[in-house]
Amino acid sequence: MRILSAFATALCLCTTLGTALAQSNTDQSKFRQLGTEIPTPNTYRTASGAPGEEYWQQRADYDIKVELDDDKQRIIGRETVTYTNNSPHTLTYLWVQLDQNVVDPNSDTYKTETGKLDQRMSAGQLNGMLDNSFDGGHKIEYVRDMTGKPLKYTIVKTMMRIDLPTPLAAKVGKFQFQIGWNYNINDRQNPALQADSRGGYEFFPEDGNYLYTITQWFPRMAVYDDYNGWQHKQFLGQGEFTLPFGNYTVAITVPSDHIVASTGVLQNPKDVLSAEQQKRFEASKTATKPVVIVTQEEATEKEKTKAKDKKTWIYKADNVRDFAFGSSRKYIWDAMGVKVDGSPQSTIMAMSYYAKEANPLYGQYSTEAVAHTLRVYSKHTIAYPYPVAISVEASNGMEYPMICFNYGRPEKDGTYSERIKYGMLSVIFHEVGHNFFPMIVNSDERQWTWMDEGLNSFCQYLAEQEWQRDYPSGGGQPRNIVGYMKADKAVQNPIMTNSESIIQFGPNAYTKPATALNILRETVMGRELFDYSFKEYARRWAFKHPTPSDFFRTMEDASGIDLDWFWRGWFYTTDNVDIAIEGVTEFRMDSKNPEIEKALASKKSKEQLERDVTYQNNKRDLATTAVERNEALKDFYNGYDPNALTPMDKDRFEKWYAGLGPKEKAIFDAKKNYYQIDFKNKGGLVMPIILKFEFEDGTHEIQRIPAEIWRMDNEKFSKVFALGKPVKQVILDPNLETADIDLDDNYFPRRMMPSRFEIFKSEGFTRGSSQGSNPMQQAQQQQKKPAGGN
């Protein structure tokens, strides 16, 4: 046994040593190709990033009848689902999503929520941590086939498996079934229900009315695809939704004085709108500015009474992945027709629904912002294909096909701060933009949040910058991600992290990928190549289900640029950009010209004497030296100047110059200044090098070096620059294009980087208060003061 143990120990040591040697001999370069990180191409998804010749996806069509109970804040629904199996696999069961179960009292979201107690906590904060009393889960009344026969089903938290009575055939199989359900609508502003704050109701105590945003409200088919099989990862509140495309017919029954904003096109306007409202809607189709269809006066009048009878609004939507609606008697409604080049729709209706509490902001900006988003996104992706795009003010931000719910409410006196104005515009750009990602380019949100939020945040940045030249964008600009990227690695994840496991959700899934794409566009690839490739990705994967590898491969395939180093660094690691200028050494070519060289040598000798402390002190303290007092001590060398020009020096130079070839003479005559610059990669991310040379004559020059300069040594390199003028200062990344986290070492000679601090009177000071942040309100208050008043 002892001999066997020794042998086993030796074998273990040899194996460990062999593994270490193998790892040391493998390619660890940041420029190695993405191999094991992305799936092997196949006939479903090609190596170019395009869908393969055997690509398939499932389909789910819905016929839904739903009633909103305004007295009990409740949804009662009945749906018929037609599921089409286009896969090459026979299916014996189906998976359906029950996302409302995220606020069931027994939800895993509540059970897995973490938190700490502070010394002082509000009741709302404590309630948000501990209260799971609200019963908001889906109550399934029945699941049955089209003959009324019950189907066996099993609810697994936020998912439900339906066992099929007979296997569903591959490629051609269709199955129809019916589900009845109901659930209690959640209070969207209750901190204990944040897992479901994407939809719900808002109660207005001033007039006793509700504003409903109904989302994740019906049992929805899960996706079955070539990549995951069934995507039935549980919904815990953060990783959003993965859904198949289909056609919807939805009949929505609400109080008769409600206005319904919805995915799709209204089929029965004569049944639900007055003749005047129908007339206004028709006029809006050709208007050049928004036309108000339901006025503020009409909405305010309806707030005073509550109708007891009901109306049913019928909407149809084709080739969408989801369906949502809003309903309230408080809604003001305006609309405007929009033309988008290349769209299959001759006119797209940009529309907004909002309560009077959102005016004047929404009336002035919302529909115009919707139209702007459609134009900008269509230019950079594909032409918007749907007939409608809607913005609903609902004190949050959430997206669905053709409709979204947005933030941005002014003060009660109608004034608003810059933060509110631009926050509202940005969220409308963002949420309307989600029509493109993921509603059309239909990525798996449950797995990869960045594929819709990151790409959409990048396009949002483009829309912001095309809205106003000095738009105060929060994301997209490299300098704005530095704080996150320099943070402790313990509070960071790679972008390629599952949606439910991301620590800092906003910076990781929104801002960092948006910034990465902006850097790709402006610094790495250039606008022409990037825009062509990004548009090609949208074209290839419109109305399909792309994965990260499809995006990565398409961007490279369409541009001809190897970007594996970029994807690996920015998306698979938490490395940051911290490149330093370690040193700059000036080299001067020996001119051989005695007039120049001896003059320089003479100057150097004088400078050395001027720096010689003993020589300078003796000039001051000694009246004479021995040689100065005694002429006999002088000889030839006391009068000899080794730097004096002689005829022999000139003759020797002329002979040397005559012997040079044409190339050597060209280099010699150019009289360049040569600088060796040493760079170090301290942060891990390799990036292009952008250098600004500031010259002694006050001019400057910028040089750009591709990231491939790091391919032989990922940690350091030196490069020689030949410049026509003497350099005073070298600056790395002068325009802050790369998100470098430490600018102190981006200068040579080193430059002190200023920091800022502020002094304010703490007593009575509230940062972000209306008084401190709403200049519009201050101006109005000033105007109201009597002349000569204080």
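Refer to the structure printed above.
To start, this report covers the structure provided alongside it.

Reading the values: the criteria
- Residues numbered from 1 in each chain as written.
- Predicted model: local features only at pLDDT ≥ 70, side-chain atom pairs only at ≥ 80, totals over all residues.
- Heavy atoms only, no water.
- Helix = DSSP H or I, 4+ residues; strand = E, 2+ residues; numbered from the N terminus.
- Buried < 20%, exposed > 50% of the residue type's maximum accessible area, 1.4 Å probe, protein only.
- Contact = heavy atoms within 4.5 Å.
- Areas by Shrake-Rupley, 256 points an atom, 1.4 Å probe, with all protein chains shown as cover.
- Lys, Arg positive; Asp, Glu negative; His and termini not counted.
- Charge placed at Lys NZ, Arg CZ, Asp CG, Glu CD.
- Patch = residues over 30% accessible without salt bridge, like charges linked within 9 Å, V, L, I, M, F, W, Y side chains within 5 Å.
- Salt bridge = Lys/Arg side-chain N within 4 Å of Asp/Glu carboxyl O.
- Pairing = 2+ DSSP bridges.
- Axes fitted to C-alpha atoms, helices over the stretch in contact; angles between N-to-C directions.
- Phe/Tyr/Trp six-rings, centres within 6.5 Å; stacked < 30°, edge-to-face > 60°.
- Arc of directions from axis to C-beta.
- Core = buried A, V, L, I, M, F, W, Y, C linked by side-chain atoms within 4.5 Å.
- Parallel < 35°, antiparallel > 145°, perpendicular 65-115°, else oblique.
- Left-handed = near helix turned anticlockwise from the far one by under 90°.
- Nonpolar A, V, L, I, M, F, W, Y, C, P; charged D, E, K, R; others polar.
- Disulfide = S-S within 2.5 Å.

On to the overall build of the chain. Broken down by element type, the chain carries 21 helices and 30 strands. Across its three principal directions, the C-alpha atoms of the chain cover 130 × 100 × 60 Å. Taken over 790 residues, the chain has a buried fraction of 50%. The long-range share in the chain, meaning contacts at least 24 apart out of those at least 6 apart in sequence, stands at 75%. As displayed, the chain offers around 38500 Å² of accessible surface, 52% of which is attributable to carbon and sulfur atoms. With 95 positive and 104 negative side-chain charges, the chain shows a spacing of 0 Å between the two charge centroids.

Turning our attention to unusual backbone geometry. In this structure, P360 follows N359 across a cis peptide bond, with omega equal to 10°. Structurally, the position occupied by P360 is in the loop between β20 (348–354) and α7 (361–380). With an omega dihedral of 10°, the bond running from F437 to P438 counts as a cis peptide bond. Among the secondary structure elements, P438 is positioned in the loop between α8 (418–433) and α9 (450–467). A positive phi angle, near 60°, is found at K157, a position not held by glycine. With respect to the helices, strands and loops of the structure, K157 is situated in the loop between β5 (153–156) and β6 (159–168). One non-glycine residue, L736, lies in positive phi territory at about 55°. Inspection of the secondary structure puts L736 in the loop between β29 (727–732) and β30 (747–748).

Let us now look at a nonpolar patch on the surface. Taken together, the side chains of F636, Y637 and Y640 make up a nonpolar region of the molecular surface, amounting to roughly 410 Å² of accessible area. Looking at the secondary structure, you find Y637 in the loop between α17 (626–629) and α18 (647–658).

The next point concerns the sheet that holds β20. Spatially, six strands are ordered β16-β19-β20-β21-β23-β22 in an open sheet, and the strand pairing comes out mixed. In the strand order of this sheet, the two ends are held by β16 (291–294) and β22 (398–400), each with one partner. Taking each pair of neighbouring strands and ignoring which way they run, the sheet shows an average axis angle of 20°. Across three bridges, the pairing between β22 and strand β23 (residues 403–406) is antiparallel. Counted as the bridge partner of Y400 is I403 from β23. Packed on one face of the sheet, α8 meets β21 (388–393), β22 and β23 and runs near 155° to β23.

Turning to the packing of aromatic side chains, a few remarks are in order. Under the counting rule described, the total for this entry stands at 58 aromatic pairs. Considering the side-chain rings of F31 and W565, the 6.0 Å spacing of their centres and the 35° angle between planes classify their relative orientation as tilted. Of this pair, F31 sits in the loop between α1 (2–25) and β1 (59–69) while W565 is found in helix α14 (residues 564–572), placing the two residues 534 residues apart along the sequence. Accessibility assignment for this pair places F31 and W565 in one class, buried. Between Y201 and Y212 the ring centres are 6.5 Å apart and the planes differ by 65°, which places this aromatic pair in the edge-to-face class.

It is worth spelling out the pairing of strand β9 (residues 209–214) at this point. Taking burial as the measure, the six residues of β9 include six buried ones, the bulk of the element. When strand β8 (residues 200–204) meets β9, the two strands line up antiparallel, connected through five bridges. Paired with F203 across the bridge in β9 is Y210. Connecting the antiparallel pair β8 and β9 is a turn made up of four residues, with G208 showing a positive phi of about 75°. Examined bridge by bridge, β9 and strand β18 (residues 325–328) share three bridges and lie antiparallel to one another. Paired with I214 across the two strands is F325, which belongs to β18.

Time to look at the pattern of salt bridges. Applying the stated criterion across every chain yields a total of 48 salt bridges. In this structure, E303 and K356 form a salt bridge, with 2.7 Å as the shortest nitrogen-oxygen distance. Within this pair, whereas E303 is found in helix α6 (residues 296–303), its partner K356 is found in the loop between β20 and α7, the two being separated by 53 residues in sequence. Of the charged contacts, one joins E522 and R527 as a salt bridge, the two residues approaching to 2.8 Å between their closest N and O atoms. You can call E522 partly exposed: its relative accessible area is 35%. The exposure class assigned to R527 is partly exposed, which follows from its relative accessible area of 47%. Here the residues in one salt-bridge network are D207, E303, K330, K356 and E357, joined through shared partners.

For the rest of this paragraph, the subject is the side chain of E79. Tracing the chain through its elements places E79 in strand β2 (residues 74–85). No salt bridge forms around the buried E79; measuring N to O, its nearest opposite-charge neighbour R220 is 8.7 Å away. Residues in contact with E79, not counting those within four places in the same chain, are Y62, D63, I64, F177, Q178, I179, W181, F218 and P219.

Spatial ordering of the open sheet is given by β24-β25-β28, a layout of three strands whose pairing is antiparallel. Either end of the sheet is taken by a strand with one partner, and the two such strands are β24 (579–587) and β28 (716–723). For this sheet, the mean angle separating the axes of adjacent strands, direction not counted, is 20°. Taken together, the eight bridges between strand β25 (residues 673–681) and β28 define a ladder with antiparallel strand orientation. Bridge pairing in β28 links Y674 to A722.

Turning to helix α5 (residues 275–284), a few remarks are in order. The complete set of buried residues in α5 reads Q277, R280, F281 and S284. All buried residues of α5 lie within an arc of 100° about the axis, which places them on one face of the element. Exposed and facing more than 90 degrees away from the buried side of α5 are A275 and K279. In this structure, the buried residues of α5 make contact with β16, α6, β19 (332–338) and β20.

Here we take up the nonpolar core. Residues W217, F551, F566 and W570 are the most contacted members of the largest nonpolar core, which totals 185 residues. Here this core takes nine residues from α7, the largest share from any one element. With sequence-adjacent residues up to four places away left out, W217 is seen in contact with I64, V66, H138, W181, Y183, V250, F323, A324 and F325.

It is at 8 Å that the axes of helix α12 (residues 527–541) and helix α13 (residues 548–559) come closest, and there the two elements cross at 130°. Classified by the interaxial angle, the pair formed by α12 and α13 is oblique. Handedness of the α12/α13 crossing: right-handed. Contacts from L529, F530, Y532, S533, F534, E536, Y537, R540 and W541 of α12 reach α13 at D550, F551, T554, M555, D557, A558 and S559. Tallied by class, residues from the contact of α12 with α13 come to nine nonpolar, three polar and four charged.

Relative to the helices and strands, G476 resides in the loop between α9 and α10 (482–485). Taking the C-alpha atoms as reference points, G476 and E141, 335 residues apart in sequence, are found 47 Å from one another. Beyond its immediate chain neighbours, meaning those up to four positions away, G476 contacts Y461, T515 and N518.

Moving on, we get to the state of the cysteines. One pass over the structure, following the stated rule, counts zero disulfides. Here C404 stays free of any disulfide, with the sulfur of C459 as its closest cysteine sulfur at 15 Å. By relative accessible area, C404 is classed as buried at 1%.

Look at helix α11 (residues 505–524) against α14: their axes get within 11 Å of each other, and the N-to-C directions meet at 155°. Accordingly, the angle class assigned to the pair α11 and α14 is roughly antiparallel. The two elements α11 and α14 cross, and the hand of that crossing is right-handed. Contact with α11, carried on its side by K512, P513, A516, I519, L520 and V524, involves W565, F566, W567, W570 and F571 of α14 and no other residues of that element. Considered class by class, the residues forming the contact of α11 with α14 number ten nonpolar, no polar and one charged.

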